[in-house]
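Inside the fold
What follows is each chain in one-letter form.
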Amino acid sequence: SGLNELSNSILMGVAAFFLGALCYRLHLAMRLIPLSPAAFTVLEFTTLGVLVLALDAGWELAVVPFHALTLFVFAFEGGALSGLLRLAVFRLLGRWSFSLYLSHILAFMLAGGLAARLAPAAPDAPWLPFAALGGALALAGVAYRCIERPGMALGRRLRTDHGVAATGQVRG
């Protein structure tokens with residue numbers, strides 16, 4: 001059963017990759033869709049709602065196309081929900097997203113260990129998910145500032161020091 005689940009995950013990953021590439025090409029071709037902000041807002045709420053329903057219902061095969069469709073609609077940035085994503089807090093989370101992806105499991109494991117130690121004193125621990133999320137965000141912020149940003153700066157210096165400008169073109 002584990003091998004079957006792995007092959008399903010690989011198949012879904014490949015399908016998601018190609019659907020993402022297709023959505024990107026479609027987005028480039030349809031960049032200027034003449035819809036009002038209200039129409040885009042309805043599309044954003046609808047696609048997001050259908051995606052949540054598909055996830056909740058366990059429709060594994062439908063999740064990938066619904067996810068692609070949701071990203072496709074949001075890529076136009078034409079509605080109220082995508083407008084909210086331009087707020088400073090979401091831009092910050094976007095910058096931290098790779099660090100969060102890499103470090104969240106550590107924060108969740110630490111929160112799980114804390115919960116196990118506190119289980120007799122706080123059996124339900126309704127605060128635990130919030131503590132785990134806060135810890136993951138704090139860890140991502142530190143990782144971004146102390147590891148990711150210095151690494152990006154080093155990469156830029158190395159490219160420049162080896163005769164390749166930031167544009168990727170060889171100097172000289």
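See the structure above.
Here's what I pulled together on the structure shown here. (Residues numbered from 1 in each chain as written. Predicted model: local features only at pLDDT ≥ 70, side-chain atom pairs only at ≥ 80, totals over all residues. Heavy atoms only, no water.)

1. A look at the overall build of the chain
Secondary structure assignment for the chain yields six helices and zero strands. Counting all 172 residues of the chain, 20% fall into the buried class. Split by element, the accessible area of the chain, about 12,300 Å² in all, is 72% carbon and sulfur. (Helix = DSSP H or I, 4+ residues; strand = E, 2+ residues; numbered from the N terminus. Buried < 20%, exposed > 50% of the residue type's maximum accessible area, 1.4 Å probe, protein only. Areas by Shrake-Rupley, 256 points an atom, 1.4 Å probe, with all protein chains shown as cover.)

2. Overview of helix α5 (residues 88–118)
The first and last C-alpha atoms of α5 sit only 36 Å apart over 31 residues, clearly below the 45 Å expected at 1.5 Å per residue. Remark: the principal bend of α5, roughly 55°, maps to W96. Turning to α5, its buried residues number three or more, namely W96, S99, S103, A107, A111 and A115. Its buried side turned inward, α5 meets α6 (128–161). (Expected span 1.5 Å × (residues − 1). Bend = angle between axes of the 7 residues up to and from the residue. Contact = heavy atoms within 4.5 Å.)

3. Describing the side chain of S99
Along the polypeptide, S99 turns up in helix α5. A polar contact of 3.4 Å, which involves the side chain of S99, links it to the backbone nitrogen of Y144. Setting aside chain neighbours within four positions, we find S99 in contact with A140, A143, Y144 and E148. (Polar contact = N/O pair within 3.5 Å; in protein donor to acceptor, adjacent residues only side chain to side chain.)

4. What about a nonpolar patch on the surface?
Judged by side-chain polarity, L84, L85, L87, V89, F90 and L93 come together as a nonpolar surface patch covering roughly 490 Å² of accessible area. Considering every element that reaches the nonpolar patch, the biggest residue donor is α5, with three residues. Here L85 shows up in the loop between α4 (80–84) and α5. Judged by its relative accessible area of 44%, L85 falls in the partly exposed class. (Patch = residues over 30% accessible without salt bridge, like charges linked within 9 Å, V, L, I, M, F, W, Y side chains within 5 Å. Salt bridge = Lys/Arg side-chain N within 4 Å of Asp/Glu carboxyl O.)

5. Focus on a positive patch on the surface
Taken together, the side chains of R91, R95, R145 and R149 present a region of like positive charge at the surface. Sorting the residues of the positive patch by element identifies α5 and α6 as the ones contributing at least two each. Position of R91 relative to the elements: it lies in helix α5. According to the relative accessible area criterion, R91 is partly exposed, its value standing at 47%. (Lys, Arg positive; Asp, Glu negative; His and termini not counted. Charge placed at Lys NZ, Arg CZ, Asp CG, Glu CD.)

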